[in-house]
Amino acid sequence: MRLLGLMRQRTREKHRSERLESARYGFAARVHAELSEELPDEDLGEDLADTLDDYERDRGPDSGECEGADGDECEELLERVREAVDRIERGR
């Protein structure tokens, strides 16, 4: 009888964990969709943290591709992606 109780408890914990993971994924997808709507011309990858790293490394303000007025646009893009990544990490 005790074994059965432990098995039920583990099953409930597993289902709860799966629901939490699903909720986190859903939230991340919403944040990503909002950012995609704000920045329709940008190619945002599935993982925004990777997109941010790639952008900062390859196309960021120090890469030579963002100069003058474009530098401001690049900084704004980077800031918006950073904010989205932070929101996802905080879960809010």
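Residues numbered from 1 in each chain as written. Predicted model: local features only at pLDDT ≥ 70, side-chain atom pairs only at ≥ 80, totals over all residues. Heavy atoms only, no water.

Side note on the side chain of His32
Part 1 of the reasoning: Along the chain, His32 turns up in helix 1 (residues 2-38).
Part 2 of the reasoning: For His32, a relative accessible area of 18% gives the class buried.
Part 3 of the reasoning: Excluding anything up to four places from it in sequence, His32 contacts Leu44, Gly45, Glu46 and Leu48. (Helix = DSSP H or I, 4+ residues; strand = E, 2+ residues; numbered from the N terminus. Buried < 20%, exposed > 50% of the residue type's maximum accessible area, 1.4 Å probe, protein only. Contact = heavy atoms within 4.5 Å.)

Points about the nonpolar core
Part 1 of the reasoning: Core analysis: the largest hydrophobic core is formed by 14 residues, its most contacted members being Leu35, Leu44, Leu48, Tyr55, Leu77, Val81 and Ala84.
Part 2 of the reasoning: The set of elements that each furnish at least two residues to this core consists of helix 1, helix 2 (48-59) and helix 3 (69-90).
Part 3 of the reasoning: Looking at which element gives the most residues to this core, the answer is helix 3, with 6 residues. (Core = buried A, V, L, I, M, F, W, Y, C linked by side-chain atoms within 4.5 Å.)

Focus: the confidence of the model for the protein chain
Part 1 of the reasoning: Put simply, the protein chain has an average pLDDT of 79, and 83% of its residues get 70 or more.
Part 2 of the reasoning: Per-element averaging of pLDDT across the protein chain places helix 2 at the bottom with 78 and helix 1 at the top with 86. (pLDDT = per-residue confidence, 0-100.)

Considering the environment of Leu44
Part 1 of the reasoning: Of note, Leu44 is situated in the loop between helix 1 and helix 2.
Part 2 of the reasoning: In this structure Leu44 comes out as buried when scored by relative accessible area, which is 13%.
Part 3 of the reasoning: Distance in space between the C-alpha atoms of Leu44 and Val81 is 9.1 Å, their sequence separation being 37 residues.
Part 4 of the reasoning: When neighbours within four sequence positions are excluded, Leu44 is seen to be in contact with His32, Leu35, Ser36, Thr51 and Val81.

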